[in-house]
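The lines below spell out each chain.
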Amino acid sequence: MYASLHLVKSLGITFRRFVETYVDDLRWFFKGGFGARYRPDTLPIRQSPTKSRGIFTVQYPAERLPLPERFRGFPFLIEEEGKLRCTACGTCARVCPPQCIWIVRASDPETGKPLREPAEFYIDISICMQCGFCAEFCPFDAIKMGHEIEIAAFDREKDLLLDLERLRKPLSYHAQIHPTEYAAEQEKKQARAAARARK
Ligand code: SF4
Ligand code: SF4
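Residues numbered from 1 in each chain as written. Chains lettered and ligands numbered in written order. Predicted model: local features only at pLDDT ≥ 70, side-chain atom pairs only at ≥ 80, totals over all residues. Heavy atoms only, no water.

> Describe in detail the environment of F137, supporting the description with residues and values.
Following the sequence through the fold, F137 ends up in helix α4 (residues 133-137). By relative accessible area, which is 44% here, F137 ends up partly exposed. Once the C-alpha coordinates of F137 and C89 are considered, the two residues, 48 residues apart in sequence, prove to be 11 Å apart. Leaving out residues up to four positions away in the same chain, F137 has contacts with T91 and V95. (Helix = DSSP H or I, 4+ residues; strand = E, 2+ residues; numbered from the N terminus. Buried < 20%, exposed > 50% of the residue type's maximum accessible area, 1.4 Å probe, protein only. Contact = heavy atoms within 4.5 Å.)

What follows is the structure, encoded as structure tokens:
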């Protein structure tokens, strides 16, 4: 009898949550219109154990949890003022544990001398284990870990072997997803420029 009472009580809680989910949908609708409950700023309320009503799981893919700044997706190359920061030094390819980076250094068409830029750059993100070593060891802050996570594809070679065009991303993207790191880099850059000017 005692156990049955607890069973009824727990089923009651589940039922209350179920009904409240629909009530909550309406509440968000009247508060902010369609999609209000899926806005990033309303997520902390919806996920709060004390403030939320109804279900508090994330309704993926309509709703997404914000990724932390240091989240490691897949690597990308930074393009600054129309030029890649990468000098084709090859450090990233050497430290990559599963060896999924391939680089071909560019060379001067007239002299044949090697240039400080890549002619080709490939990362096989079907092999990449998102360790971040490439970004950590790059001496030029040229490669960073992006925030892409939805990479499911049918054709591995076509969709998951990223070439130079797909790897390059503007500096503004880096600034947007890594604001703290970007600010620290800018500070260092300014300090170096000031030191040079003093000499
Ligand atoms: S991304 Fe960095 S480590 Fe890799 S080749 Fe370019 S400059 Fe070197
Ligand atoms: S994140 Fe790790 S596995 Fe992926 S390319 Fe960089 S070093 Fe290689």
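> With reference to specific residues and values, describe the packing of aromatic side chains.
Under the defined criterion, the tally for this structure stands at 5 aromatic pairs. On the basis of an interplanar angle of 70 degrees and a centroid distance of 5.0 Å, the ring pair of F76 and Y173 is categorised as edge-to-face. Pair noted here: F76 is in strand β1 (residues 75-80) and Y173 is in helix α7 (residues 171-177), with a separation of 97 residues, a long-range link. Between the NZ or CZ atom of K169 and the centre of the ring of Y173, over which it lies, the distance is 5.7 Å. (Phe/Tyr/Trp six-rings, centres within 6.5 Å; stacked < 30°, edge-to-face > 60°. Lys NZ or Arg CZ within 6 Å of the ring centre and 35° of its normal.)

> Before we move on, can you summarise the pattern of salt bridges with the specific residues and values?
Two side chains of opposite charge can pair, provided their charged atoms sit close to one another. Counted under the stated rule, the structure contains 12 salt bridges. Across the pair K189 and E80 runs a salt bridge, and its minimum N-O distance is 2.9 Å. Taken as a pair, K189 in helix α8 (residues 179-198) and E80 in strand β1 lie far apart in primary sequence, 109 residues in all. What makes E80 buried here is its relative accessible area of 18%. Each of E80, R85, D141, K144, E181, E185 and K189 takes part in salt bridges that share partners, so that together they form one network. (Salt bridge = Lys/Arg side-chain N within 4 Å of Asp/Glu carboxyl O.)

> How would you explain the site of ligand 2 if you had to name every residue and give the values?
The environment of ligand 2 is formed by 14 residues, the closest being C96, C128, C131, G132 and C134. Split into classes, the residues belonging to the shell around ligand 2 amount to 12 nonpolar, 2 polar and no charged. (Near = heavy atom within 4 Å. Nonpolar A, V, L, I, M, F, W, Y, C, P; charged D, E, K, R; others polar.)

> I'd love a proper account of the side chain of T87, names of residues and values included.
Structurally, the position occupied by T87 is in the loop between β2 (83-84) and α3 (91-95). Apart from the residues lying within four places of it in its own chain, the contact partners of T87 are R105, L115, R116, E117 and F140.

> Outline the pairing of strand β4 (residues 114-124), listing residues and values.
Here 6 bridges tie strand β3 (residues 101-107) to β4, and the two strands are oriented antiparallel to one another. Residue pairing across strands places S107 opposite P114, the latter belonging to β4. Taking the residues that link successive antiparallel strands as the turn, the β3-β4 hairpin has 6 residues, and the phi of G112 there is positive, at about 80 degrees. Two strands pair when backbone bridges link them, and β4 and strand β6 (residues 161-162) are joined in this way by 2 bridges, in the antiparallel orientation. (Pairing = 2+ DSSP bridges.)

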